[in-house]
Amino acid sequence: MSRLAAVAVTLTFMAAGCSSADTATDEPSSIRVATFNASLNRSAAGQLMTDLQGENAQARAAADVIAANSPDVLLVNEFDFSGDDAVALFNDNYLDGQYPHSFTAPVNTGVDSGLDLDRDGELGGPGDAWGFGQFPGQYGMVVYSKYPIATDSVRTFQNFLWKDMPDSLLPRDYYGDVSDRLRLSSKSHWDVPIDVDGKTLHVLASHPTPPSFDGPEDRNGKRNHDEIRLSADYISGADYLYDDNGVRGGLEDGASFVMLGDQNSDPVDGDSVAGAIAQVLDLPRVQDPAPTSAEHGTDTADFADPTPGDLRVDYVLPSDDLTVVDSQVYWPNQAEHPSDHRLVWADLEI
């Protein structure tokens, strides 16, 4: 399912070591953090690389959305993974080279499991990948930043097994004897620490599977629920979690964070399991700016009418030590748009 989400957050810090001009005016510096499901996914491996080497209309439109909001730190969902080459091409050819720092990593989409996960009697194909995809890396992610990324401290959860989440919704009746081999994250879950004027901001990036395209067993709905729960439990510091390096535990208590990404879950509408996104929204450490646009309220995605219709599925959820100043869903009036999601921003002050 193609998803375009965009979320921008302005975090205002009283920066240590600020310039003499800043000291004189006693004004804080600010940083805008964004997540943007840019729908820069393609149907074949390598096609995004080819498109970004030239002038591609859809990529240009996505870049225009980014330029209109000028984030300092940017998560892009649905950006096909092909190492650092496509990341550099998009930055250099479309984003005017604004981002000297970036992070990307493999995801589960399109990675063949060797199992008949879709139970069609055959092995191979997008339905038998650890995450639905035509090729390894389809619908991937990338973080761009004008501030240094603590790359050595990034944590990824691509390989975390669904069975290892206590009291999960894993549909064992459907998956049978392969249940214990399933990975939970359909793409990956990342904790990307950003050094902002000496303060660490943890960008918690994810893109859970859409809670649809399945049957009465609701395997995708249950996976979406538990992918969101992984983020909630990570924020809460759950001991059962382990990352791809084998390090256990969740986020350190008191750490500043912003959870970003297309969560494919509306608080009240759509096909997600009841209470899925509430697992994060109701956490004491999380505040919800509930951004809006003038014509569409809190909805962030323009899906097919009447079903599922416009939904709120894209989130910027800062930690409770950040003060929300303002927020908005960026929903341009023009009919043409690079995808079916919209940009969302919130201004925060420490």
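Cut-offs and rules
- The written sequence of each chain sets the order in which its residues are numbered from 1.
- Where totals are concerned, whole chains, interfaces and linings use all residues; where local detail is concerned, this predicted model gives features only for residues with pLDDT of at least 70, and gives and counts side-chain atom pairs only at 80 or more.
- Heavy atoms throughout the structure, all of them, feed into the side-chain values; hydrogens and water do not.
- Counting from the N terminus, the helices are the DSSP runs of H or I reaching at least four residues and the strands are the DSSP runs of E reaching at least two.
- Between the two quantities, the radius of gyration covers C-alpha atoms and the globule rule is 2.2 Å times the number of residues to the power 0.38.
- Only protein chains enter the area calculation, which uses a 1.4 Å probe; residues under 20% of their type maximum are buried, those over 50% are exposed, and those in between are partly exposed.
- We call two residues in contact whenever any of their non-hydrogen atoms come within 4.5 Å of each other.
- In these tables, accessible area is a Shrake-Rupley quantity obtained with a 1.4 Å probe, and a residue counts as shielded only by the protein chains included in the view.
- Within this scheme the basic residues Lys and Arg register as positive and the acidic residues Asp and Glu register as negative, but His and the chain ends are omitted.
- Charged side chains are reduced to one point each, which is NZ for Lys, CZ for Arg, CG for Asp and CD for Glu.
- Throughout, nonpolar core names a set of buried Ala, Val, Leu, Ile, Met, Phe, Trp, Tyr and Cys residues whose side chains join them through atoms within 4.5 Å.
- Any pair of N or O atoms that falls within 3.5 Å is considered a polar contact. Within protein, one atom must be able to donate a hydrogen and the other to accept it, and sequence-neighbouring residues count only if both atoms are side-chain atoms.
- The rule for pairing is simple: two strands pair if DSSP sees at least two bridges between them.
- When the centres of two rings from Phe, Tyr and Trp lie within 6.5 Å, Trp using its six-membered ring, the rings pair. Their planes under 30 degrees apart give stacked, over 60 give edge-to-face, and anything left gives tilted.

### Observations regarding the overall build of the protein
Turning to step 1, where the next piece is worked out: In terms of regular secondary structure, the protein is built from seven helices and twelve strands.
Turning to step 2, where the next piece is worked out: The globule rule puts the C-alpha radius of gyration for 350 residues at 20 Å, and the 19 Å found for the protein is close to it.
Turning to step 3, where the next piece is worked out: Overall, the C-alpha framework of the protein stretches about 70 × 45 × 40 Å when taken along its three principal axes.
Turning to step 4, where the next piece is worked out: Evaluated residue by residue, the protein yields a buried proportion of 57% over its 350 residues.
Turning to step 5, where the next piece is worked out: Here the analysis covers contacts within the protein between residues at least 6 apart in sequence; of these, 72% occur between residues at least 24 apart.
Turning to step 6, where the next piece is worked out: Entry remark: accessible area of the protein is about 14,100 Å², with carbon and sulfur atoms responsible for 46%.
Turning to step 7, where the next piece is worked out: Within the protein, the 58 negative side-chain charges are centred at a point lying 6 Å from the centre of the 21 positive side-chain charges.

### Thoughts on the nonpolar core
Turning to step 1, where the next piece is worked out: Of all hydrophobic cores here, the largest spans 35 residues; its most connected members are Phe160, Tyr175 and Leu241.
Turning to step 2, where the next piece is worked out: If you list the elements that add at least two residues to this core, you get helix H5 (172-175), helix H6 (219-235), strand S9 (256-262), helix H7 (278-281) and strand S10 (314-318).
Turning to step 3, where the next piece is worked out: In terms of residue count, H6 provides more of this core than any other element does, five residues in total.
Turning to step 4, where the next piece is worked out: Phe103, Leu201, Val329 and Ala346 belong to the second largest nonpolar core, which has 27 residues in total.

### Re the side chain of Ser39
Turning to step 1, where the next piece is worked out: Note on placement: Ser39 falls in strand S2 (residues 29-40).
Turning to step 2, where the next piece is worked out: On the basis of relative accessible area, Ser39 is assigned to the buried category, the value being 6%.
Turning to step 3, where the next piece is worked out: Of the polar contacts made by the side chain of Ser39, one reaches the side chain of Ser339; its length is 2.3 Å.

### Side note on the sheet that holds strand S8 (residues 199-205)
Turning to step 1, where the next piece is worked out: Read from one edge to the other, the open sheet built from five strands follows the order S6-S7-S8-S9-S10, with strand pairing classed as mixed. Sheet topology places strand S6 (155-156) and S10 at the edges, where each strand pairs with a single neighbour.
Turning to step 2, where the next piece is worked out: Where S6 lies against strand S7 (residues 190-196), two bridges are found, and the strand directions are antiparallel. For Arg155, the partnering residue across the bridge sits in S7 and is Asp191.

### Description of the environment of Arg219
Turning to step 1, where the next piece is worked out: Looking at the element boundaries, Arg219 is found in helix H6.
Turning to step 2, where the next piece is worked out: Apart from residues no more than four positions distant in its own chain, Arg219 is found in contact with Trp162, Pro171, Tyr174, Tyr175, Phe213 and Asp214.
Turning to step 3, where the next piece is worked out: Within the structure, the side chain of Arg219 is placed 2.5 Å from the side chain of Glu217, a separation counted as a polar contact.

### As for the environment of Ala276
Turning to step 1, where the next piece is worked out: With respect to the secondary-structure elements, Ala276 resides in the loop between S9 and H7.
Turning to step 2, where the next piece is worked out: For Ala276, a relative accessible area of 1% gives the class buried.
Turning to step 3, where the next piece is worked out: With 54 residues separating them in the primary sequence, Ala276 and Lys222 have C-alpha atoms 8.9 Å apart.
Turning to step 4, where the next piece is worked out: Non-local contacts of Ala276, meaning those with residues more than four positions away in its chain, are made with Asn224, His225, Ile228 and Ser265.

### Describing the pairing of strand S12 (residues 343-349)
Turning to step 1, where the next piece is worked out: Among the seven residues in S12, six count as buried, and that is most of the element.
Turning to step 2, where the next piece is worked out: The sheet contact formed by strand S11 (residues 323-330) and S12 spans seven bridges and is antiparallel. The residue bridging Thr323 from the neighbouring strand is Glu349, located in S12.

### Some points on the packing of aromatic side chains
Turning to step 1, where the next piece is worked out: Applying the stated rule across the entire model yields nine aromatic pairs.
Turning to step 2, where the next piece is worked out: Between Phe103 and Trp190 the ring centres are 5.0 Å apart and the planes differ by 85°, which places this aromatic pair in the edge-to-face class. Taken together, the residues span a long stretch of sequence, with Phe103 in strand S4 (residues 101-103) and Trp190 in strand S7 at a distance of 87 residues. Each member of the pair, Phe103 together with Trp190, is buried.
Turning to step 3, where the next piece is worked out: Ring centres 4.7 Å apart and planes at 45° place the aromatic pair Phe160 and Tyr242 in the tilted group. With Phe160 in the loop between S6 and H5 and Tyr242 in the loop between H6 and S9, the pair connects residues that are 82 residues apart, well separated along the chain.

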